[in-house]
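Observations on the model geometry
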Amino acid sequence: MSNRKKMAVMNVFSAIMYYVANSIIGFINRKVFTVYLGSELLGLNGLVVSVISMLSLLELGVASSIGYSLYKPLEEKNYGEVKAIMQLFSRLYRYIGIAVAAIGLVLIPFLPFFVKTTIDQNYVIAVYLIFLLDAVLSYFLAYRRTIIVSAQKDYINKNADTFLYIVTGILQIIIICVWKSYIASLVVKLIFTVLNNLYLYIKAGKMFPYLNDKNLHGKIEKEVKDKIVYNVKALFVIKIASYCVVGTDNILLSAFADLTAVAIYSGYTLIIGIINNLFNRSFGYITANIGNYLIGHNKEEIYQFYNKLNFLNYLITSYTSIALLVLLNEFIGKVWLGEDYVFPMAAVAVLVFNNYLRFCTQAAEAFRSAAGLYSPKPFVKYIALLEGGVNLVVSVALAYFAKMGIYGIFLGTSVSTTISIASIAWINYRFLFEKEVHFFYLKFFWYMLWAIISGCVSVLLFKNLYTRNVLFNIILGLVVSFVIPLGVNYLVFGRSAEWRYFIDMLKGIFHKVMQKVKKQ
């Protein structure tokens, strides 16, 4: 195995381990939090995280842009340029850290407008300041993580983060169980986060000793600087838009509902996030493969390949969405957090629908990324900003003026997500496939129709077969949410070219496995 492949395998394995540890500790921590500290503090935790995420928009996408600019000089061993880029990175992050600290302090008098709670305001401010200090300190140490990633050794970061998450999580659980102190658990997290960043800072210095060489001088080429500035501008717009769509829900829930709603919502986002990471983000891993396919094939072949992957995208997203719809309240209410931490079924349906909308175009997004069609027209890069703006306006209008509460906030996301879907469809069909965009919408709504029908039938069947045995209900939900969509999809799509393509692929894989078994 080549060194490059070995590092790729190590990166993937360490990422999986980090994800598993993160998920397990997250589940346990959330349960302990609700039992010993209550829903208001859990909601406060989610709200403050959202406010700090808003401040992190000042990062502007610098890390991603710098990381991209390091690939070439690292490959060419141009250590002078690497050091110059990292020095620029260090200066930028110092300025950003100071700006985050200043704006974060200015926001303190406005916290009561966001936080509807009976918790003492001084306590709220203390919690906020610990989170703020954690965020600010990271800008002075964590920037060297980027060069480790650019050197294709992200497993070093992930292994350190996994160790940090396990140790911190266990200590926080002990502190909350024994002393019931939320503040103390946050201080422990702050200390270990600083130590982790300090370790990686020193580690990067040893891996790349020229970063500490005072006699080495280099400069950044004008072309590289211009590229960094260009990428920062584009990424800043995307970060703002992304935050407005997925990062403001906790703030809006706190403003138009209360911290208990934020606490309940955090349980749903944790589970939905885990499912998405397991299944729905899979198309992001094959973007490079799609890019290679685009080079050697004509438009029609590319379009047919897209149709196959788009159908697979539909199958994965619909199956996971239906399983979430059937089992979310059962798992959260009966197995995990308790009945006080579940939304009405109608609200859950909107959340799951939003998740379906968000991930049903992952194949299309992978093709767009592989073709480099980020901004085929100058105005395209601002479409994401439009989506974020629409989400905020519609969410506030429905939640406040229409008095729809949490439903208004969730429906705002539904409305705004259609802008992203329309944008991706137009770009791919206009510039990549060179076909009329109505072909996209015909399949989009056809697939959605059968996903909705499968979901409704699954929920009704689950309710009719529901028992008092929780374990039986969980198994029943898993079976129903797989068998019903499978049957519906077979009846509707069983004779399609896309269905036959994947059935033949599965048969081929099964045949190869059986041959290997026989040889052994």
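This structure is a prediction, so every number in the text was calculated from the model and none was measured.

What counts, and at which threshold
Residues numbered from 1 in each chain as written. Predicted model: local features only at pLDDT ≥ 70, side-chain atom pairs only at ≥ 80, totals over all residues. Heavy atoms only, no water. 1 Å grid on protein atoms, 1.4 Å probe; cavity = no way out; pocket = protein on both sides within 12 Å on 5 of 7 lines; lining within 4 Å. Points joined across faces, edges and corners; volume = space filled by probe spheres on them. Helix = DSSP H or I, 4+ residues; strand = E, 2+ residues; numbered from the N terminus. Nonpolar A, V, L, I, M, F, W, Y, C, P; charged D, E, K, R; others polar. Phe/Tyr/Trp six-rings, centres within 6.5 Å; stacked < 30°, edge-to-face > 60°. Buried < 20%, exposed > 50% of the residue type's maximum accessible area, 1.4 Å probe, protein only. Lys NZ or Arg CZ within 6 Å of the ring centre and 35° of its normal.

**Looking at empty space enclosed by the protein**
Under the counting rule described, the total for this entry stands at 3 cavities of 30 Å³ or more. In this structure, the largest cavity encloses a volume near 80 Å³. Every residue along the wall of the largest cavity is listed here: Asn310, Tyr314, Tyr356, Cys360, Phe440, Lys443, Phe444 and Tyr447. When residues of the lining of the largest cavity are traced back to their parent elements, those giving at least two are helix 14 (299-336) and helix 19 (438-464). If one sorts the elements of the lining of the largest cavity by residue count, helix 19 sits on top with 4 residues. Taken together, the residues of the lining of the largest cavity break down into 6 nonpolar, 1 polar and 1 charged.

**Focus on the packing of aromatic side chains**
Using the criterion set out here, one finds 44 aromatic pairs in the structure. Where Tyr265 meets Phe410, the ring centres are 5.5 Å apart and the plane angle is 25°; that geometry is what we call stacked. Taken together, the residues Tyr265 in helix 12 (residues 259-280) and Phe410 in helix 18 (residues 406-432) connect sequence positions 145 residues apart. Across this residue pair, the class does not change: Tyr265 and Phe410 are buried. Following the ring pairs from residue to residue traces out a cluster consisting of Tyr293, Tyr303, Phe305, Tyr306, Phe367, Tyr429, Phe433, Phe440, Tyr441, Phe444 and Phe445. Sitting over the ring of Tyr201, Arg144 keeps its end group 4.0 Å from the ring centre. Note that Lys403 overlies the ring of Tyr400, its terminal NZ or CZ placed 5.0 Å from the centroid.

**Concerning unusual backbone geometry**
Residue Lys77 is not a glycine yet carries a positive backbone phi of 60°. Checked against the element boundaries, Lys77 lands in the loop between helix 3 (62-75) and helix 4 (79-106). With a relative accessible area of 58%, Lys77 lands in the exposed category. Positive phi values are uncommon outside glycine, yet Lys403 reaches one of about 55°. Relative to the helices and strands, Lys403 resides in the loop between helix 17 (383-401) and helix 18. Classification of Lys403 by relative accessible area gives exposed; the value is 65%.

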